[in-house]
Protein chains: 2
Amino acid sequence: MAAQPDAEPRPRVPLTKQRVLRTAVRIADARGITAVTMRNLAQELEVEAMSLYHHVPGKDQLLDGMAEAVVTEINTAVGLDATPPADPPPPADGWKAVVRGRILAAREVMLNHPWAPGVVGSRSTMTPAAMRYFDALTGQLLSGGLSPDLVHHGLHALGSRALGFTLELFQAADGGAPDPDAAEMMQQLAQQFPNVVAVLSAASHDGETTLGWCDDQAEFEFGLDLVLDGLERLAAR
Amino acid sequence: MAAQPDAEPRPRVPLTKQRVLRTAVRIADARGITAVTMRNLAQELEVEAMSLYHHVPGKDQLLDGMAEAVVTEINTAVGLDATPPADPPPPADGWKAVVRGRILAAREVMLNHPWAPGVVGSRSTMTPAAMRYFDALTGQLLSGGLSPDLVHHGLHALGSRALGFTLELFQAADGGAPDPDAAEMMQQLAQQFPNVVAVLSAASHDGETTLGWCDDQAEFEFGLDLVLDGLERLAAR
DNA sequence: AAGGTAGCCGTACGTCGTAAGGTTGGTCAA
DNA sequence: TTGACCAACCTTACGACGTACGGCTACCTT
């Protein structure tokens, strides 16, 4: 009973670190970071879990690789990988506009990978791609006339904002069921926390009943501009 | 062979949500958040793992409780739980100094619980203690003359900084082994990432060989002041 | 004394990361 | 042609995790 020669064509696409990482990112995008498990990942690649260890040292380095992949995506998005056009036109806009644009581009990439902030944030090591990104950013700030010291502090002040995301402390309450007695509850809330309710009700000047939630993008840009303007002012001193 | 009555004195301190949470915090402080496991926690309390479920619905709510506990600690640290002295003296300092002090106090608590930023940051829900904290903070900003809208944006701009921590993107490289050929590696680094190296070497004006690492506290205060100053300026407009 | 009940325990299941060793198919020297 | 070699891949198994489920015990109420 010899094995039939063509029982299974066996395309057998060879596994690759690239392929593993790309698939991991795809799983995370589609089903969340918790679905990125060695077994799931292997199944998606039509392979056994342990085979992954020939291309990735372990789960931790897999996450490192995913973070690296996202930052790399940012780098290409802001044109950091393309060789500059020989004579890069000096930024017609001020450094602020350039940096702002770059960071908002990074944010766009992050928004496509909701799991990325958590992963990038939890990795301690500075990957090469992140280095590349920060080196370019640093260059923009330096050539903008900021002193090295100010650039240093500025990067710290930006923090994760430099990579296009912030840790959202109050998650979108995302009111699925528009609670019928929301008004009543609101009053109870207002009694306990008058100040936040005052601020929140002022924030939603259009819809006044349900607390119209925040515009994340606008808030991000506000905070970013606050920092950039502050740096500019300090540089001018 | 009747059970001897006093084989074990059995003090049998009753389990309590308080006791469970406090112990969890103690474990996290001593051995890191990964050591906070239902079994470990139970062992520390001299109890079986499943007994914890009578006081905590599950691991997730345990973490919620731990976050809540830390924020509560912050609240008492800034005197938010003490009933105010009837006639609270109007803040002699400006609102900025008050807010600044409050946030730095929060930071001190956070520094005592290195695991707390991660846990607080990963919880989406706004716990009552956090609400209390933010309500007070909001009140300070409002009574400082900031418009509700500005307060709203300002809180977003502060983000986790309002609770005394930032997501540290580049972890302390903490050079245990002062690599003998650090100079050589530094040169290699300088070739690939000239800008960051320039900034970093400028940052450590005292020690010039090893990149003298950053003063986290100073950086935190710099970023905080940058935001507060920016808000003040916007309020004055 | 009878019955309820809150608090605790024992066992077990499914999932996770991964250590250790076996199998296979292709490459290349003799 | 053949046989050694060696990646790439698979199989099995272990320990740790969160937690469902069903007991047991000690105390309270009536």
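So, how was this worked out
Residues numbered from 1 in each chain as written. Chains lettered and ligands numbered in written order. Predicted model: local features only at pLDDT ≥ 70, side-chain atom pairs only at ≥ 80, totals over all residues. Heavy atoms only, no water. Near = heavy atom within 4 Å. Polar contact = N/O pair within 3.5 Å; in protein donor to acceptor, adjacent residues only side chain to side chain. UniProt positions renumbered as here; feature names shortened; annotations may be inferred. Helix = DSSP H or I, 4+ residues; strand = E, 2+ residues; numbered from the N terminus. Contact = heavy atoms within 4.5 Å. Buried area = accessible area lost by both parts, 1.4 Å probe. Salt bridge = Lys/Arg side-chain N within 4 Å of Asp/Glu carboxyl O. Axes fitted to C-alpha atoms, helices over the stretch in contact; angles between N-to-C directions. Parallel < 35°, antiparallel > 145°, perpendicular 65-115°, else oblique. Nonpolar A, V, L, I, M, F, W, Y, C, P; charged D, E, K, R; others polar. Left-handed = near helix turned anticlockwise from the far one by under 90°. Buried < 20%, exposed > 50% of the residue type's maximum accessible area, 1.4 Å probe, protein only. Least-squares fit on C-alpha atoms with pLDDT ≥ 70 in both.

An unreviewed UniProt entry annotates chain A as TetR/AcrR family transcriptional regulator C-terminal domain-containing protein originating from Pseudonocardia humida.

Caption draft 1: Quick peek at the protein's contact with DNA strand D. Taken together, 16 residues surround DNA strand D, and among them Ser51(A), His54(A), Thr37(B), Arg39(B) and Lys59(B) come closest. When the atoms of DNA strand D within 4 Å of the protein are sorted by group, sugar and phosphate make up 50%. One of the side-chain nitrogen or oxygen atoms of Thr37(B) is found 2.5 Å away from a phosphate oxygen of DNA strand D. Residue Lys59(B) places a side-chain N or O atom 2.7 Å away from a phosphate oxygen belonging to DNA strand D.

Caption draft 2: Summary view of the UniProt feature "DNA-binding region" (unreviewed entry) in chain A. When the UniProt feature table is mapped onto this chain numbering, "DNA-binding region" (unreviewed entry) sits at residues 37-56 of chain A. Counted over residues 37-56 of chain A, helix gives 35% and strand 0%. Its end C-alpha atoms are 13 Å apart.

Caption draft 3: The arrangement of the side chain of Ser160(B) in detail. Summarising the element assignment, Ser160(B) is placed in the loop between α7 (148-158) and α8 (182-192). Separated by 2.7 Å, the side chain of Ser160(B) and the backbone oxygen of Phe165(B) make a polar contact. When residues no more than four places from it in sequence are discounted, the contact partners of Ser160(B) are Leu169(A), Phe165(B) and Thr166(B).

Caption draft 4: A look at the interface of chain B and chain A. With 50 residues of chain B at the interface, the matching set in chain A holds 50 residues. Interface of chain B and chain A: buried area, both sides summed, is about 4,600 Å²; carbon and sulfur atoms make up 73% of it. Considering only the side of chain B, the residues that lose the most area to chain A are His156(B), Leu169(B) and Phe170(B), jointly responsible for 15% of the buried surface there. Counting across the chain B and chain A interface gives 0 salt bridges.

Caption draft 5: Here's a closer look at the packing of helix α7 (residues 148-158) of chain A against helix α10 (residues 216-236) of chain B. Two elements in contact, α7(A) and α10(B), have axes separated by 9 Å at closest approach and are oriented at 80°. Taken together, the axis directions place α7(A) and α10(B) in an arrangement best described as roughly perpendicular. Contacts between α7(A) and α10(B) pair Leu150(A), His152(A), His153(A), Gly154(A), His156(A) and Ala157(A) from the former with Glu219(B), Phe222(B), Gly223(B) and Leu226(B) from the latter. Residues of the contact of α7(A) with α10(B), tallied by class, amount to 4 nonpolar, 5 polar and 1 charged.

Caption draft 6: Local environment of the packing of helix α6 (residues 128-143) of chain A against α7(A). Residues and elements named next belong to chain A. At a minimum axis distance of 10 Å, the contact between α6 and α7 shows a crossing angle of 130°. Judged by the inter-axis angle, α6 sits oblique to α7. Of the two possible hands of crossing, α6 and α7 adopt the one that is right-handed. Of the residues in α7, those in contact with Phe134, Leu137, Thr138, Leu141 and Leu142 of α6 are Pro148, Val151 and Leu155. Grouping the amino acids of the contact of α6 with α7 by side-chain chemistry returns 7 nonpolar, 1 polar and no charged.

Caption draft 7: The pattern of salt bridges, seen in detail. Residue and element names in this part refer to chain A. Evaluation of the coordinates by the stated rule reveals 14 salt bridges over all chains. Residue arginine 26 pairs with glutamate 44 through a salt bridge whose shortest N-O separation is 3.4 Å. Remark: glutamate 44 occurs in helix α2 (residues 38-44) and arginine 26 occurs in helix α1 (residues 17-31); sequence separation between them is 18 residues. Since its relative accessible area comes to 41%, glutamate 44 is described here as partly exposed. Arginine 100 is paired through a salt bridge with glutamate 221; the nearest N and O atoms lie 3.2 Å apart. Of the two residues, arginine 100 sits in helix α4 (residues 95-112) while glutamate 221 sits in helix α10 (residues 216-236), which places them 121 residues apart along the sequence. By relative accessible area, glutamate 221 is classed as partly exposed at 22%. One connected set of salt bridges, linked through shared partners, spans Asp60, Asp64 and Arg123.

Caption draft 8: Local environment of the relation of the copies chain B and chain A. Structural alignment of chain B on chain A gives an RMSD of 0.1 Å, achieved by rotating through 180° and translating 0.0 Å along the axis. Overall, the copies show the geometry of a two-fold rotation axis. When the interface residues of chain B are mapped onto chain A, 100% of them again lie at the interface, so the same face is used by both copies.

Caption draft 9: Region of interest: the protein's contact with DNA strand C. Inspection of the region around DNA strand C gives 16 residues, with Thr37(A), Arg39(A), Lys59(A), Ser51(B) and His54(B) positioned closest. The sugar-phosphate share of atoms of DNA strand C within 4 Å of the protein amounts to 50%. Between DNA strand C and Glu48(B), the relevant distance is 2.7 Å, taken from a phosphate oxygen to a main-chain nitrogen or oxygen of the residue. A distance of 2.7 Å separates a phosphate oxygen of DNA strand C from a polar atom in the side chain of Ser51(B). Partitioned by chemical class, the residues of the surface near DNA strand C number 6 nonpolar, 5 polar and 5 charged.

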